[in-house]
Amino acid sequence: MRIAVAGATGNIGALTVTALQRDGHDVVRISRSLGVDLSTGDGLDDALAGVEAVIDATNGPATDRAETVAYFGTATRNLLAAEERAGVRHHVLLSITGIHHIEGNAHYAGKREQERLVAAGPVPWTIVPVTQFHDFAAMVASWTEQDGVATIAPLLVQPIAPADVADVLAEIAVGPPQGHHADVAGPEPQDLVDMARRTNEARGRTVKLVPTWSGPFGLAMAGNALLPGEGARIAPTTFDEWLAEQR
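Heads up: these notes are all about the structure in this document. Just so you know, these numbers come straight off a predicted model, no measurement behind them.

1. Some words on the environment of I127
Along the chain, the position of I127 falls in strand β5 (residues 125–130). Residue class for I127 comes out buried when judged on its relative accessible area of 1%. Distance in space between the C-alpha atoms of I127 and L93 is 4.8 Å, their sequence separation being 34 residues. With residues up to four places along the chain from it excluded, the contact list for I127 reads L93, S95, E115, V118, G179, H180 and H181.

In structure tokens:
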């Protein structure tokens, strides 16, 4: 199949491109750095010529709720309109588990807007909600790190390997549209603070972690809020297995 990946130069996007090419598909990479701008629509019509399915793995700004919602909204509208013109038969959106129960997070608000537009849009679709990635904890800690100290929320998560996410997206894209897909998660719940500590140690970094809810992740995310629901699809790679590759 000829499949386009939006956000193709990002972490998940690049892995998804690799997974699709491994399986023999013709992949079109969509990214602003490659001359296709979702915010304006420039280059989209040419990029989607002959494309049968699109995987949207784009990311966006998370600094301000209104800005994030506007960014995801504009990009999604432009992408769906171009897909309709090109006759694309399947739009696959990478989303996040638990976003509909959590307010106050700008990124989650943007992802909800994406989901709303896709579900109401003209192209048959599958929305794939995924738990946090194995590298999420260390990334979150890096946002606040200063002089060897970082704050981090003590979230309970069930993280998934980025490569497993890419494999699932590649598999779903070649099949029929499914609407709302079950949550996709890794095999084991983990504590975010412990994950960050172990990831930094594996990478040879020493960072003092200070657990706190006074940051971008508030008490609305405590407890089971970020864990997958019943009937979730469980990916195979454990956090320990992923961590071994970081050393």
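2. Description of unusual backbone geometry
The backbone of D147 shows a phi angle near 55 degrees, a positive value even though the residue is not glycine. For D147, the position within the fold is in the loop between α5 (136–144) and β6 (149–152).

3. Looking at the nonpolar core
I152, L155, L192 and L209 are the most contacted members of the largest nonpolar core, which has 26 residues in total. Counting only elements with at least two residues in this core, the list comes to α5, β6, α7 (192–202) and α8 (239–244). Tallying contributions element by element places α7 first for this core, with five residues. A19, V27, V130 and I172 belong to the second-largest nonpolar core, a separate cluster that totals 24 residues.

4. Quick look at the pairing of β5
A large share of β5 lies buried, amounting to six of its six residues. Burial of the side chains of β5 extends over both faces: W125, I127 and P129 are buried on one face and T126, V128 and V130 on the other. The pairing of strand β4 (residues 90–96) with β5 spans six bridges and is parallel. When the sheet's bridge partners are listed, S95 is paired in β5 with P129. Pairing of β5 with strand β8 (residues 179–180) involves two bridges; the strand directions are parallel. Looking at the pairing, T126 lines up with G179 of β8.

5. As for helix α3 (residues 65–86)
Counted at 1.5 Å a residue, the expected span for α3 with its 22 residues is 32 Å, and the 31 Å between its end C-alpha atoms agrees. All of the buried residues along α3 are T68, F72, G73, A75, T76, L79, L80, A82 and E83. Next to the buried residues of α3 lie β1 (2–6), α2 (44–47), β3 (53–56), β4 and α4 (106–120). By the N-cap criterion, in which a side-chain oxygen at the helix start approaches the backbone nitrogen of a residue two or three places on, α3 is capped by D64, the distance to A66 being 3.1 Å. The positive-phi residue at the C-terminal boundary of α3 is G87, with phi of around 75 degrees.

6. With respect to the packing of aromatic side chains
Applying the stated criterion to the full structure yields four aromatic pairs. Where Y71 meets F72, the ring centres are 5.7 Å apart and the plane angle is 70 degrees; that geometry is what we call edge-to-face. Take Y71: its relative accessible area is 21%, and that puts it in the partly exposed class. Counting every residue linked through ring pairs, the aromatic cluster contains F136, W143 and F217.

About the thresholds
- Residues numbered from 1 in each chain as written.
- Predicted model: local features only at pLDDT ≥ 70, side-chain atom pairs only at ≥ 80, totals over all residues.
- Heavy atoms only, no water.
- Helix = DSSP H or I, 4+ residues; strand = E, 2+ residues; numbered from the N terminus.
- Buried < 20%, exposed > 50% of the residue type's maximum accessible area, 1.4 Å probe, protein only.
- Contact = heavy atoms within 4.5 Å.
- Core = buried A, V, L, I, M, F, W, Y, C linked by side-chain atoms within 4.5 Å.
- Pairing = 2+ DSSP bridges.
- Expected span 1.5 Å × (residues − 1).
- Polar contact = N/O pair within 3.5 Å; in protein donor to acceptor, adjacent residues only side chain to side chain.
- Phe/Tyr/Trp six-rings, centres within 6.5 Å; stacked < 30°, edge-to-face > 60°.

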